[in-house]
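# Architecture at a glance
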Amino acid sequence: MLRFDDRVAIITGAGHGLGRSHALLLAERGAKVVVNDLGGALDGTGASTGPAAEVADLITKNGGQAVANADDVATPEGAHAIVQAAVDAFGKVDIVVNNAGILRDKSFGKMTVEEFDAVLAVHVRGSYLVSQAAYPLMKAAGYGRVVNTSSPAGLFGNFGQANYSTAKMGLVGLTKTLGIEGARNGIKANAIAPVAWTRMTEALLPAEFEAKFTPERVSALVAYLVHESCEATGEVFTVGGGKVARVFVAEGPGWKSDDLTPEAIADNWGAVMTEQPYVLTAADSMKSML
Ligand code: NAD
């Protein structure tokens, strides 16, 4: 059994849904958990200490160790306070699961800059800020595990979610670079793109999905990714309904010419669009252009 005894985990947005499920699972397996949640509505408005406190209480009642925190991941002060809560209660941070999220769906033409910025602030800035606040501690310890929460809507696009899909694909870049930079200090970062029945999706998914797409079926992957035995880093996985799959950013062989013109590109479009074999790193991509 993969356990987390003596490990300290921060789970953001853990007052509801997926984060709550991640927190309960890690705590059940021995982790000391900071249950962070701002406690607002789905669109990020409002705040309450209730949801984080409720989950932390439940963990404690079940015999685990947890503290509640209701700071905002999207501000530097909030992110530092979340990490400080872990240090004050448990002395360190081994694991950060960036899960907090909001929605402000609107079709592209109608989306306001406020709706765009608010979503990027929680998902992208929030994940960057909380991870960065924990980073010096992880570096000093030579150990860290980070999971960022992307989305199929970001990886593949989705109508009405220009802000959300931009944020969720942004997290892929953050994850890949943190995986590269963290390597020499034993810090591994991966991203998940989940599907689960939560308050975020209950109005969107068919009713029969509720029993199959449980948050617990996502938390199982999160727990594996943040375990010390997991070697993966910089990876992205879709997960939902009991299925886990690697998603990769890849480049095909392409087509090249010393006399590249718009017409030549049009004439060779088939070769440009060829999918195999794949290029998987920025260095491979550069080499293939030489
Ligand atoms: P949820 O609304 O139940 O949980 C999100 C939590 O984040 C809420 O409890 C909310 O209070 C908290 N939160 C929001 N803004 C915050 C902030 N600034 N600081 C701290 N906490 C904040 O929704 P969920 O479905 O459990 O979503 C969890 C994560 O999974 C999100 O990042 C979401 O985008 C992502 N996701 C979910 C699905 C799905 O199918 N449910 C699919 C793809 C991605």
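Residues numbered from 1 in each chain as written. Predicted model: local features only at pLDDT ≥ 70, side-chain atom pairs only at ≥ 80, totals over all residues.

Condition: UniProt positions are given in the numbering used here, feature names are shortened, and annotations may be inferred rather than shown by experiment.
In the nomenclature of an unreviewed UniProt entry, the chain corresponds to SDR family oxidoreductase from the organism Nonomuraea composti. For the chain, the Sequence similarities (unreviewed entry) comment in UniProt is given as "Belongs to the short-chain dehydrogenases/reductases (SDR) family."

### Quick word on the sheet that holds strand S3 (residues 65-69)
So the rule is basically this: The pairing criterion is simple: DSSP has to find at least two bridges between the two strands. Counting from the N terminus, the helices are DSSP H or I runs at least four residues long and the strands are E runs at least two residues long. Every axis corresponds to a line fitted to the C-alpha atoms, with the helix fit spanning only the stretch in contact, and the corresponding angles, defined between N-to-C directions, vary from 0 to 180 degrees. What counts as a contact here is a pair of residues whose C-beta atoms, placed from the backbone, lie within 7 Å.
As summarised here, the arrangement of the eight strands in space is S3-S2-S1-S4-S5-S6-S7-S8, forming an open sheet in which the pairing is mixed. Whereas interior strands pair on both sides, the edge strands pair on one side only; in this sheet they are S3 and strand S8 (243-247). Taken over all neighbouring pairs, the strand axes of this sheet differ in orientation by 20° on average, direction set aside. Against the sheet, helix H3 (residues 76-90) engages strand S1 (8-11), strand S2 (32-36) and S3, with an angle of about 150° to S2.

### Description of the pairing of strand S4 (residues 95-98)
Condition: Once C-beta atoms are placed from the backbone, each residue is buried if 20 or more other C-beta atoms lie within 10 Å of its own, exposed if 12 or fewer, and partly exposed for counts between those two. Here a crossover is taken to be right-handed if, once the strands point away from the viewer, the path from the first strand over the helix to the second is traced clockwise.
In S4, alternate side chains face the same way, and those of Ile95 and Val97 on one face and Val96 and Asn98 on the other are all buried. Relative to S4, S1 runs parallel, the two being bridged by three bridges. Looking across to S4, one finds that Ala9 is bridged to Ile95. The sheet contact formed by S4 and strand S5 (residues 144-149) spans four bridges and is parallel. Considered in S5, the bridge of Val96 is made with Val146. Each parallel crossover has a hand, and the one from S4 via helix H4 (residues 113-141) to S5 is right-handed.

### Details of the nonpolar core
The line we're drawing: Buried Ala, Val, Leu, Ile, Met, Phe, Trp, Tyr and Cys residues form a nonpolar core when they are connected through C-beta atoms within 7 Å.
Counting 77 residues, the largest nonpolar core has Ala9, Ile10, Ala23, Val33, Val35 and Val130 as its most contacted members. Ranked by the residues each element gives to this core, the list is headed by H4, at 10 residues. Setting aside residues up to four positions removed in sequence, Val130 forms contacts with Ile10, Thr12, Val73, Ala79, Ile82, Val83, Val96 and Asn98.

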